[in-house]
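Observations on the three-dimensional arrangement
As a plain string of letters, each chain reads:
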Amino acid sequence: MGIETTALLQDIALAQPDLGGNELKYVTECMETGWISSIGRFIPEFEASFAQLAGTTHAVATNNGTTALHVALVALGVGPGDEVIIPTVTYVATANAVRYCGAIPVLADVLPGTLNIDPEELQRLVTPRTKGVISVHLYGVPADVTSVGDFCRARELFHLEDAAEAHGATVDGTPVGSFGDAAIFSFFGNKIVTTGEGGAVVTNSAALAKRVRLLRGQGMDPDRRYWFPEIGYNYRMTNIQAAIGLAQLERFDQIMSARIDTARHYELRLAELGAEIERIEIPAGVNPVPWLQNVYLADGGAVRRDAVVERLSSRGVPSRPVFYPMHVLPAFVDSRPFPVADDWTARGISLPLHTALTVDAVDRVCDELAAAMA
Ligand SMILES: *Cc1c(COP(=O)(O)O)cnc(C)c1O
């Protein structure tokens, strides 16, 4: 009984990849043909297929999402001393990549609930050194790309979307990734589409795609092999990664509908917790995708939240705090006030969500959450 209970308790994962399609077959093909490095049929096939999902004419695959961000920023002309406005609530990769360019991430407060960049902040933060804005579609919820895009166009700033957590999300029917000058995606193991580690830069600009491709491959001149006109990077995706990714995209609709079913069941069960959990409002026309399942405790702050996470863990339910805002991290510390980010991130918990999560498991997570909050 004890052992069985323990086994059952450990059964729930916070995130896990769904590799039930052609992933093994395609990876085996890489092994059998010897095309295991960054040349092979799966790379262009994955890029073409992914561009379709993002609604763009070009996709350039990279070895992870962070390098996609870096190479996109370099291609957009970001250099030392430039300022790039980013939301303070994001995964640290967004801020790190700006720093890799020698540029300064200027932190913006976020909107309540979605924790996405507050477009009203832009006017306040823009300076003559501002080069562009990164909007992050956090936890699968599209940012206000229309307001950010309008602001950037009016001032000739670039708009880069960080869509690492939002594969397939749409705004007014148009996929995220196609609103900015470029967008990046991540295919880390816990993301909606995975290649193990992996990333992509997508864009509708042929010139920008060409530049990203050049920088990704050590800066080699496409018309003159082994001639390197400038400093580039080795940020290439392997054929093995792309093999996994192509198999994922073949089943994208299936993977997404399983995630949506799970999110719907969460919604029903979390509604039963009533005013204990703060509801978040999604603007009209915005169609999020379920990545992790976030909940925001209506009362208390980080101390209570951490206690709830700890209690869940002791009951075998994995969860984690919502991302700490960048302005509290040592490398990005900023003492200006960020009232919305501070308030919401302190109360946020990410719960398990993936395609292998059963209805029973969601019930258990929600029951344990109710008990942990009591
Ligand atoms: C996952 C993620 C990235 C990129 O991460 P990698 O692990 O390098 O693929 C970038 N931004 C956000 C918001 C992310 O969640």
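Just so it is clear, the model here is predicted, and its values are computed rather than measured.

1. Some words on the overall build of the chain
Along its length, the chain carries 13 helices and 13 strands. Computed over the C-alpha atoms, the radius of gyration of the chain is 21 Å, within 12% of the 21 Å expected from 2.2 N^0.38 for a compact globule of 374 residues. Its C-alpha atoms give the chain principal-axis dimensions of about 65 × 55 × 35 Å. The buried share of the chain, taken over its 374 residues, is 54%. In the chain, the share of contacts with a sequence separation of at least 24, taken over all contacts with a separation of at least 6, comes to 70%. Across the chain, the 29 positively charged side chains and the 44 negatively charged ones have centroids separated by 6 Å.

2. Overview of the sheet that holds strand β10 (residues 286-287)
Strand order in this open sheet of three strands is β7-β6-β10, and the pairing throughout is antiparallel. For this open sheet the edge positions go to β7 (174-175) and β10, each flanked by a neighbour on one side alone. Across two bridges, the pairing between strand β6 (residues 170-171) and β7 is antiparallel. Along β7, the bridge assignment pairs Thr 170 with Pro 175.

3. Things to note about the environment of Asp 18
Relative to the helices and strands, Asp 18 resides in the loop between α1 (2-9) and α2 (23-33). Spatially, the C-alpha atoms of Asp 18 and Gly 189 are 9.4 Å apart, while their sequence positions differ by 171 residues. Polar contacts involving the side chain of Asp 18 include one to the side chain of Thr 355, which spans 2.8 Å.

4. Describing the nonpolar core
Among the nonpolar cores identified, the biggest contains 83 residues, and Phe 50, Leu 73 and Leu 160 are the most heavily contacted of them. Taken together, domain 1 (2-15 + 252-373) and domain 2 (23-250) each give at least three residues to this core, which thus spans both. In this structure, Leu 73 is in contact with Val 78, Ala 97, Val 98, Cys 101, Ile 134, Phe 158 and Leu 160, ignoring residues within four places of it in sequence. With 21 residues, the next largest nonpolar core counts Val 295, Leu 297, Leu 351 and Val 362 among its residues.

5. Observations concerning the domain arrangement of the chain
One frequently used descriptor of interface size is the decrease in accessible area upon assembly of the parts. Domains assigned within the chain are domain 1 (2-15 + 252-373) and domain 2 (23-250). Averaged C-alpha coordinates put domain 1 and domain 2 at centres separated by 26 Å. Domain 1 puts 37 residues into the contact, and the matching count from domain 2 is 40 residues. Seen at the junction of domain 1 and domain 2, the total is zero salt bridges. At the level of secondary structure, the elements contributing two or more residues to the side of domain 1 that touches domain 2 comprise α10 (252-271), β10, β11 (293-296) and α12 (339-346). Examining the composition of the side of domain 1 that touches domain 2, we find that five residues originate from one element, α12, more than from any other.

6. Things to note about the sheet that holds strand β5 (residues 158-162)
Strand order in the open sheet made by the seven strands is β1-β9-β8-β5-β4-β2-β3, with mixed pairing throughout. Two strands in the sheet have a free side with no partner beyond their single neighbour: β1 (58-62) and β3 (104-108). Strand-to-strand twist of the sheet, defined as the mean angle between neighbouring strand axes without regard to direction, takes the value 25°. One ladder, built from three bridges, connects strand β2 (residues 83-87) with strand β4 (residues 130-136); its direction is parallel. Bridged to Ile 85 within β4 is Val 133. Sitting on the sheet, helix α3 (residues 42-54) touches β1, β8 (182-186) and β9 (199-203), and the angle it makes with β1 is about 120°. Running over the sheet, helix α4 (residues 65-75) touches β1, β4, β5, β8 and β9 and is turned about 165° from β8.

7. Quick look at the confidence of the model for the chain
Where the model shows low pLDDT, its predicted coordinates should not be examined in detail. Per-residue confidence for the chain gives a mean pLDDT of 96, with 97% of residues at or over 70. For residues 1-7, every residue scores under 50 in pLDDT, and the model assigns this stretch zero contacts once sequence neighbours within four places are set aside.

8. Some details on the pattern of salt bridges
One pass over the full model with this rule turns up 19 salt bridges. Taking the shortest distance from any N to any O, the salt bridge between Asp 150 and Arg 153 comes out at 3.0 Å. Of this pair, Asp 150 and Arg 153 are both found in helix α7 (residues 145-155), three residues apart, which corresponds to roughly one turn of the helix. Overall, the relative accessible area of 57% leaves Arg 153 in the exposed class. Where Arg 304 meets Glu 276, a salt bridge forms, and the shortest distance between an N and an O atom there is 3.7 Å.

9. Topic: the packing of aromatic side chains
Going through the model one piece at a time under the given rule, you end up with eleven aromatic pairs. Ring centres of Tyr 91 and Phe 323 lie 5.8 Å apart, and the angle between their planes is 45°; this geometry places the pair in the tilted category. With Tyr 91 in the loop between β2 and α5 (92-100) and Phe 323 in the loop between β12 (320-321) and α12, the pair connects residues that are 232 residues apart, well separated along the chain. Here a set of aromatic residues connected by ring pairs shows up, and it is made of Phe 46, Phe 50, Phe 185 and Phe 187. Seen from the ring of Phe 151, Arg 155 lies directly overhead, with NZ or CZ sitting 3.8 Å from the centre. The ring of Tyr 91 is capped by Lys 191, whose NZ or CZ atom sits 5.9 Å from the centre of that ring.

Quick notes on the rules
Residues numbered from 1 in each chain as written. Predicted model: local features only at pLDDT ≥ 70, side-chain atom pairs only at ≥ 80, totals over all residues. Heavy atoms only, no water. Helix = DSSP H or I, 4+ residues; strand = E, 2+ residues; numbered from the N terminus. Rg over C-alpha atoms; globule rule 2.2 N^0.38 Å. Buried < 20%, exposed > 50% of the residue type's maximum accessible area, 1.4 Å probe, protein only. Contact = heavy atoms within 4.5 Å. Lys, Arg positive; Asp, Glu negative; His and termini not counted. Charge placed at Lys NZ, Arg CZ, Asp CG, Glu CD. Pairing = 2+ DSSP bridges. Polar contact = N/O pair within 3.5 Å; in protein donor to acceptor, adjacent residues only side chain to side chain. Core = buried A, V, L, I, M, F, W, Y, C linked by side-chain atoms within 4.5 Å. Domains from an automatic or database assignment. Salt bridge = Lys/Arg side-chain N within 4 Å of Asp/Glu carboxyl O. Axes fitted to C-alpha atoms, helices over the stretch in contact; angles between N-to-C directions. pLDDT = per-residue confidence, 0-100. Phe/Tyr/Trp six-rings, centres within 6.5 Å; stacked < 30°, edge-to-face > 60°. Lys NZ or Arg CZ within 6 Å of the ring centre and 35° of its normal.

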